[in-house]
Amino acid sequence: MIGVGKMKQYTNVLDRPLSKGKQEVSLSAFAFLFSELVQYNQTQVDNIAELERRLEDAGYAVGARVLELLCHREKGNRRETRLLGILSFVHSTVWKVLFGKVADSLEKGTEHEDEYMISEKELLVNRFISIPKDMGTFNCGAFVAGIVRGVLDNAGFPAVVTAHFVPVEGQQRPRTTILIKFAEEVLRREARLG
Amino acid sequence: MANTACFMIVSKNDIPIYEAEVGAAPRKEDAAHQHQFILHAALDIVQDLAWTTSAILHTRLMLLHDSRNDDGIKSFFQEVHELYIKTLLNPLYLPGSRITSSHFDTKVRALARKYL
């Protein structure tokens, strides 16, 4: 019989402890699951924009949960109320928990006040994916963009988040950049808080 | 020690996700409604406070109580917050919808009896 030999089998998820537990998940398992996710969504939609939107929505759900869990584990329930605070939180803590390292860089956009960019040389979700030519500018990083949007939205900083490829000299694969554009009210609130 | 309290979890958009009436003595119907009314009124005050301190933002756990047990209440909130996070981790749970699990209900009442 399966499960007979287990020592502590919690009958309900609410009983299980919320602490760190095992940190690692197998990369191949994740890659497989993610590829299935993309393929499943591909059969359901007719165009690329819809596919990106679905991946983003999947990421949004993850982001919402990651925010609550991380706030509870790491920061003892202290929430960030400042823009730079939440951005550096995403950039280091969230990236570390999800991908095992901090993001490569966090930049402020030069053209607009409300744009910020997080870039990564090789995004984990894109590592095993190749985009055929006829898909054009589709980027599976939309999933990660969704995660970031989920975190920001549930922390009270509504934003539009997208993922873009940025070709870099001397590198075969282009760098991936997550572009974050904050909503009006965020900037107003930030100005008010001084 | 007649110690009653009305506990409510409220989401963004002020929709109650979960409510429970806990206490040693059973109360009459109208008292229960009154408790909920007071809790709803308190929501606005909490909202104003929320942005000036670095406390919890969109989902609020509210407790109406008539005892002075501050430490107990704080531990109660912490435990229920953990339970709420565990519920939230369920990928099939839509954040902001009602919590209908009877197990969650049992646990909250057990915690309430323990800390209040």
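Here, every reference points to the structure presented above.
Criteria and cut-off values
Residues numbered from 1 in each chain as written. Chains lettered and ligands numbered in written order. Predicted model: local features only at pLDDT ≥ 70, side-chain atom pairs only at ≥ 80, totals over all residues. Heavy atoms only, no water. Helix = DSSP H or I, 4+ residues; strand = E, 2+ residues; numbered from the N terminus. Buried < 20%, exposed > 50% of the residue type's maximum accessible area, 1.4 Å probe, protein only. Contact = heavy atoms within 4.5 Å. Areas by Shrake-Rupley, 256 points an atom, 1.4 Å probe, with all protein chains shown as cover. Axes fitted to C-alpha atoms, helices over the stretch in contact; angles between N-to-C directions. Parallel < 35°, antiparallel > 145°, perpendicular 65-115°, else oblique. Left-handed = near helix turned anticlockwise from the far one by under 90°. Nonpolar A, V, L, I, M, F, W, Y, C, P; charged D, E, K, R; others polar. Phe/Tyr/Trp six-rings, centres within 6.5 Å; stacked < 30°, edge-to-face > 60°. Lys NZ or Arg CZ within 6 Å of the ring centre and 35° of its normal. Pairing = 2+ DSSP bridges. Polar contact = N/O pair within 3.5 Å; in protein donor to acceptor, adjacent residues only side chain to side chain. Arc of directions from axis to C-beta. Core = buried A, V, L, I, M, F, W, Y, C linked by side-chain atoms within 4.5 Å.

Would you mind going over the overall build of chain B in detail, with residue names and values included?
When its secondary structure is counted, chain B shows 3 helices and 3 strands. Overall, chain B shows an N-to-C arrangement of helices and strands of β-β-α-β-α-α. Within chain B, the proportion of its 116 residues that are buried is 40%. A separation threshold of at least 6 residues defines the contact pool for chain B, and within that pool the share at least 24 residues apart is 61%. Of the roughly 6,900 Å² of accessible surface on chain B, 56% is carried by carbon and sulfur atoms.

Lay out the packing of helix α2 (residues 48–73) of chain A against helix α2 (residues 70–88) of chain B with the relevant residues and their values.
In the contact formed by α2 of chain A and α2 of chain B, the axes pass within 10 Å of each other and the chain directions differ by 150°. As summarised for this structure, α2 of chain A and α2 of chain B are arranged roughly antiparallel, according to the angle between their axes. Like other packed secondary-structure pairs, α2 of chain A and α2 of chain B cross with a definite hand, here left-handed. From α2 of chain A, Arg65, Glu68, Leu69 and His72 of chain A reach across to α2 of chain B, where they touch His81, Glu82, Ile85 and Leu88 of chain B. Counted by class, the contact of α2 of chain A with α2 of chain B contains 3 nonpolar, 2 polar and 3 charged residues.

Describe in detail the packing of aromatic side chains, supporting the description with residues and values.
This structure, assessed with the given rule, holds 10 aromatic pairs over all chains. With a centroid separation of 5.8 Å and an interplanar angle of 20°, the aromatic rings of Phe30 of chain A and Phe34 of chain A are classed as stacked. Separated by 4 residues within a single helix, Phe30 of chain A and Phe34 of chain A lie in helix α1 (residues 27–44), roughly one turn from each other. A relative accessible area of 4% places Phe34 of chain A in the buried class. Ring geometry for Phe157 of chain A versus Phe182 of chain A: centroids 6.4 Å apart, planes at 70°, classification edge-to-face. Pair noted here: Phe157 of chain A is in the loop between α4 (142–155) and β3 (159–166) and Phe182 of chain A is in strand β4 (residues 175–182), with a separation of 25 residues, a long-range link. Across this residue pair, the class does not change: Phe157 of chain A and Phe182 of chain A are buried. What links up through ring pairs into an aromatic cluster is the set Phe7, Tyr18, Phe76, Phe77 and Phe104 of chain B. Over the ring of Phe157 of chain A we find Arg189 of chain A; its NZ or CZ atom is 5.1 Å from the centre of that ring.

Describe the sheet that holds β4 of chain A, with residues and values.
All names here are of chain A. If you trace the 4 strands from one edge of the open sheet to the other, you get β1-β2-β4-β3, paired in antiparallel fashion. At either margin of the open sheet sits one strand with a lone partner, and together these are β1 (105–108) and β3. Strand-to-strand twist across the sheet, computed as the mean angle between neighbouring axes with direction ignored, equals 20°. The sheet strands contacting helix α3 (residues 83–99) are β1, β2 (115–120) and β4, and the helix crosses β2 at an angle near 15°.

Account for the side chain of Asn154 of chain A, naming residues and giving values.
Structurally, Asn154 of chain A can be placed in helix α4. In this structure the side chain of Asn154 of chain A is engaged in a polar contact, spanning 2.9 Å, whose partner is the backbone oxygen of Gly150 of chain A.

Give me the packing of α2 of chain A against α3 of chain A: which residues, what numbers.
All names here are of chain A. The interhelical angle for the contact between α2 and α3, taken along N-to-C directions, is 95°, at an axis separation of 11 Å. Judged by the angle between their axes, α2 and α3 are roughly perpendicular. Where α2 approaches α3, its residues Val66, Leu67 and Leu70 are matched on the opposing element by Phe89, Thr93, Val94, Val97 and Leu98.

Which residues make up helix α5 (residues 184–193) of chain A, and what values go with them?
All names here are of chain A. For α5, the full list of buried residues reads Val186, Arg189 and Glu190. Buried residues along α5 cover an arc of 100° about the axis, so they all sit on one side. Exposed residues pointing more than 90 degrees away from the buried face of α5 are listed as Glu184, Arg188, Ala191 and Arg192.

So what about the nonpolar core? Which residues, and what values?
Judged by nonpolar contacts, the single largest core of 42 residues is most densely connected at Trp95, Leu152, Ile178, Ile180 and Phe182 of chain A. Counting residues per element, this core draws most heavily on α4 of chain A, which supplies 9 residues. Residue contacts for Leu152 of chain A: discarding those within four places in its chain leaves Ile86, Val90, Phe157, Pro158, Ala159, Val161, Ile180 and Phe182 of chain A. Listed in part, the 23 residues of the second largest apolar core include Ala5, Ile17, Tyr18 and Ala20 of chain B.

These figures come from the coordinates and say nothing about function on their own.
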